[in-house]
Amino acid sequence: MTIEEMFGDLYSIDIMAEKKTGEIVLFLICYGFIDGEEKTQRALLAKIEAYLKYTKSAEFQNEYLKCPIILRVTFKEKPDQLILNLLKSNQSRIMEYGVTLEVEINNRIIELLP
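A.B. asks: So what exactly am I meant to see when it comes to the nonpolar core here?
C.D. replies: Phe-7, Leu-71, Phe-75 and Leu-87 are the most contacted members of the largest nonpolar core, which has 31 residues in total. Elements with a minimum of two residues in this core: helix H1 (3-7), strand E2 (24-30), helix H2 (38-55), helix H3 (58-64), strand E3 (69-75), helix H4 (81-89) and strand E4 (99-105). The dominant element in this core, judged by the number of residues it contributes, is H2, at 6 residues.

Put into structure tokens, the structure is as follows:
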């Protein structure tokens, strides 16, 4: 699969929703099997970076300044373990933006254990 087939446009938000509880959920949708190749990891990090930058944009801040933010990375099937390790190792960096990382595999939220 190509990077675009796996992640879509690297510089756009796939889906954004506001929960009834007031949380903003940014969905990063991954399609097919996500391999652990270096180019795949770089692409995923680039897409995550685009999401994080968006949360700091004036447009987002004006609308959702006080809202808790969740970045939910969704996979239809379990990705390569290197991808899960990459997400786990970037969790604290994501939290520096005031964003909580969630990982969903096949419609189930999983916990990234240390």
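Moving on, there is more to tell.
A.B. asks: Even after reading the chapter, I still don't get the pattern of salt bridges, so can you show me in this structure?
C.D. replies: For side chains bearing opposite charge, pairing can occur when the charged atoms are close. Tallied over the full model, the rule gives 6 salt bridges. Two residues, Glu-38 and Arg-42, come together in a salt bridge whose shortest N-O distance is 2.8 Å. Of this pair, Glu-38 and Arg-42 both sit in helix H2, 4 residues apart, which is roughly one turn of that helix. In this structure Glu-38 comes out as exposed when scored by relative accessible area, which is 57%. One network of salt bridges, with partners in common, ties together Arg-72, Glu-102 and Glu-104.

A.B. asks: In this structure, what is going on with the environment of Thr-74? I would like to understand it.
C.D. replies: Locating Thr-74 in the fold gives a position in strand E3. Sequence separation between Thr-74 and Glu-102 is 28 residues; the distance between their C-alpha atoms is 8.4 Å. Excluding residues that lie within four positions of it along the chain, Thr-74 makes contacts with Phe-27, Leu-28, Ile-29, Cys-30 and Glu-104.

Each value, and the rule that gives it
Residues numbered from 1 in each chain as written. Predicted model: local features only at pLDDT ≥ 70, side-chain atom pairs only at ≥ 80, totals over all residues. Heavy atoms only, no water. Core = buried A, V, L, I, M, F, W, Y, C linked by side-chain atoms within 4.5 Å. Buried < 20%, exposed > 50% of the residue type's maximum accessible area, 1.4 Å probe, protein only. Helix = DSSP H or I, 4+ residues; strand = E, 2+ residues; numbered from the N terminus. Salt bridge = Lys/Arg side-chain N within 4 Å of Asp/Glu carboxyl O. Contact = heavy atoms within 4.5 Å.

Everything listed here is a matter of coordinates, which is why it stays silent on function.
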